Structures are given as C-alpha cells and as structure tokens.
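Listed below are the residues making up each chain.
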Amino acid sequence: GIQVEQSPPDLILQEGANSTLRCNFSDSVNNLQWFHQNPWGQLINLFYIPSGTKQNGRLSATTVATERYSLLYISSSQTTDSGVYFCAWPYSSASKIIFGSGTRLSIRP
Amino acid sequence: GAVVSQHPSRVICKSGTSVKIECRSLDFQATTMFWYRQFPKQSLMLMATSNEGSKATYEQGVEKDKFLINHASLTLSTLTVTSAHPEDSSFYICSARGQGEAFFGQGTRLTVV
C-alpha cells in the first residue's frame, strides 16, 4: 500500500516562530488534505489541496504531486496552533481516507 | 465546511456491556462514512468503511462481530462496540466525505471499566 511519512514527528517552537511541516508519500495521490487535531481530539480541516498552493490566513499549503510531497507552512505561530497536524488522502481504489503519522507541534508562550 | 456530528463525546461503561456511537452528517448526504480508532499519541487507524444500505467493509484485523456498523440512511451511521472490554477503551472518530473532501466528527472517548 501507499506509504507516507510526516516530518518532523515533534516540533517545539516559541510563539511567533514560523514552521514547515512535510508529508512525503510513496505513490501518486490526489485530493490530499491537511488537518489539525486540537488537544480535545477534534479534527479541523485546514486544506483540501490536490495540487498547487492554497493560503488561509497564517497558514498555507503546497502540494507537488509529481514529486510526491506536500508542505504545510505556519507563520507567526500562536499557542492555539499547538496540537497534532496530519496529512491524509483517499486511497483511490476504495476512497477510504488514510492518515500519515502526524507532527506534534507545541508552541510555547 | 460541512458538519459531522458524533455522539456521545464521552462514555464510560462496564465491561461486558455494549455501547452505541452515532455519526450524523448534518448538511450533506454521505453515501460513505468511515470509522477510525485512535490510541494515545498515535495516528488514526481506519476500522471500517460504511456504505448506505449495504454491509460495512472492515479493515484487516478488525473484528466485525465486535464492532457492528450500520448505515441506515444517507446521514446516519452507527458503531456499536459489543461486549466491551478494557482493551476496547480508545478514541473513536467518524468521518463522512462530501464532494471529495472528508469531514470528521468530534470523536468519542470510550472508557471500559
């Protein structure tokens, strides 16, 4: 099956810092999504990004499907950005959504 | 974005009892819903794919008799954990796909004592 790696697994930053999270996949994917899981477990949709770049406030994401990776950028981090960030995509033959291993982000005040 | 509602958010039950978790898509019809399980500090693991009006498709290693899934309508899927044991304690999350994009419920934290 498709393999995916997210890096880094853990990231600790001071408030105000910028960060880049990466998602590498072993095969071509489409309809990639980025999620933020807050400390209460809720998964929040950040981006639905098959290819190209999208921006939403302090967050932006880029997917380069031909090179099999996607990046999530967080600028001017806030403590509320803390949590786990997952990339996920539909496993095309069955349309089920498969998750990467996640990046645990901690923003210190 | 679309809204998926999951209830209850937290449940504590005695060993040997059954627990039902509901997942509803509030503002769109979902022909397919998904059930995930998440252990502490781990990623989400897909348990099963639920299709409206047909039997669920379970992932390898998931006991279909233990985790009963019903998808009675285009907006409702249920997961019943039967004869629960402490090792079934976990965080369960449902998902529904709209036009390609997936949306998730709030999750249910199950504790079996």
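Because the structure is a prediction, the values reported are computed rather than measured. (Residues numbered from 1 in each chain as written. Chains lettered and ligands numbered in written order. Predicted model: local features only at pLDDT ≥ 70, side-chain atom pairs only at ≥ 80, totals over all residues. Heavy atoms only, no water.)

Once that is clear, we can look at the nonpolar core. Of all hydrophobic cores here, the largest spans 25 residues; its most connected members are V4, W35, F67, I69, L79, Y92 and L110 of chain B. For this core, the secondary-structure elements that each account for two or more residues are strand 2 (10-13), strand 3 (19-25), strand 4 (32-38), strand 5 (44-51), strand 7 (67-73), strand 8 (76-81), strand 9 (90-97) and strand 11 (108-112) of chain B. Sequence-distant contacts of I69 of chain B, that is, excluding residues within four places in its chain, are made with W35, A48, S50, A56, Y58, S77, T78 and L79 of chain B. In this structure, F25, L32, I74 and I107 of chain A belong to the second largest nonpolar core, which totals 21 residues. (Core = buried A, V, L, I, M, F, W, Y, C linked by side-chain atoms within 4.5 Å. Buried < 20%, exposed > 50% of the residue type's maximum accessible area, 1.4 Å probe, protein only. Helix = DSSP H or I, 4+ residues; strand = E, 2+ residues; numbered from the N terminus. Contact = heavy atoms within 4.5 Å.)

This next bit is on the pairing of strand 4 (residues 33-37) of chain A. Residue and element names in this part refer to chain A. Counting buried positions over the five residues of strand 4 gives five, a clear majority of the element. Taking every second residue as pointing to the same face, both faces of strand 4 are buried, with Q33, F35 and Q37 on one and W34 and H36 on the other. Of the pairings in the sheet, the one linking strand 4 to strand 5 (residues 43-48) comprises five bridges and is antiparallel in character. Bridge pairing links Q33 to Y48 in strand 5. Adjacent in sequence and paired antiparallel, strand 4 and strand 5 are bridged by five residues, among which G41 carries a positive phi angle near 95°. (Pairing = 2+ DSSP bridges.)

Our next topic: the sheet that holds strand 7 (residues 59-64) of chain A. Residue and element names in this part refer to chain A. Spatially, 1-3-8-7-6 is the arrangement adopted by the five strands of the open sheet, whose pairing is antiparallel. Looking along the sheet, the strands with just one partner apiece sit at the ends: strand 1 (4-7) and strand 6 (52-56). Neighbour to neighbour, the strand axes of the sheet diverge by 10° on average, direction disregarded. Strand direction decides the pairing type here: strand 6 and strand 7, joined by five bridges, are antiparallel. When the bridges of strand 7 are listed, T53 appears paired with T62. (Axes fitted to C-alpha atoms, helices over the stretch in contact; angles between N-to-C directions.)

In the segment running from S7 of chain A into P8 of chain A, the intervening peptide bond is cis, with an omega of -10°. Structurally, P8 of chain A is set in the loop between strand 1 and strand 2 (10-14). Between H7 of chain B and P8 of chain B the backbone carries a cis peptide bond, its omega angle lying at 0°. Along the chain, the position of P8 of chain B falls in the loop between strand 1 (4-7) and strand 2. Phi is positive for K41 of chain B, which is not a glycine, with a value near 60°. Mapping K41 of chain B onto the fold places it in the loop between strand 4 and strand 5. A residue is classified by how much of its surface remains accessible, and K41 of chain B, at 73% relative accessible area, is exposed. The backbone phi angle of S83 of chain B is positive, close to 45°, even though this residue is not glycine. Among the secondary structure elements, S83 of chain B is positioned in the loop between strand 8 and strand 9.

Residue and element names in this part refer to chain A. Residue placement: T103 occurs in strand 11 (residues 103-108). Accessibility expressed as a relative area gives 0% for T103, which makes it buried. Looking at T103, its side chain comes within polar contact range of the main-chain oxygen of P8, at 2.6 Å. Not counting residues within four places of it along the chain, the set of residues in contact with T103 comprises Q6, S7, P8, P9, L21, G83, V84 and Y85. (Polar contact = N/O pair within 3.5 Å; in protein donor to acceptor, adjacent residues only side chain to side chain.)

What follows deals with the interface of chain A and chain B. If you look at the interface, chain A gives 20 residues, while chain B gives 21 residues. Carbon and sulfur atoms supply 52% of the area that chain A and chain B bury against each other, a total of about 1,600 Å² over both sides. At the boundary of chain A and chain B, one finds zero salt bridges. Only strand 4, strand 5, strand 9 (83-91) and strand 10 (96-99) of chain A provide two or more residues apiece to the side of chain A that touches chain B. Broken down by element, the side of chain A that touches chain B gets its largest block of residues, four residues, from strand 10 of chain A. Considering only residue class, the side of chain A that touches chain B consists of nine nonpolar, nine polar and two charged. (Buried area = accessible area lost by both parts, 1.4 Å probe. Salt bridge = Lys/Arg side-chain N within 4 Å of Asp/Glu carboxyl O. Nonpolar A, V, L, I, M, F, W, Y, C, P; charged D, E, K, R; others polar.)

Here we take up the environment of T79 of chain A. Residue and element names in this part refer to chain A. On the secondary structure map, T79 appears in the loop between strand 8 (69-74) and strand 9. Of the residues examined, T79 reaches a relative accessible area of 34% and is grouped as partly exposed. Sequence separation between T79 and L11 is 68 residues, and the spatial gap between their C-alpha atoms is 13 Å. Among all residues touching T79, those that are not within four sequence positions of it are E15, I107, R108 and P109.

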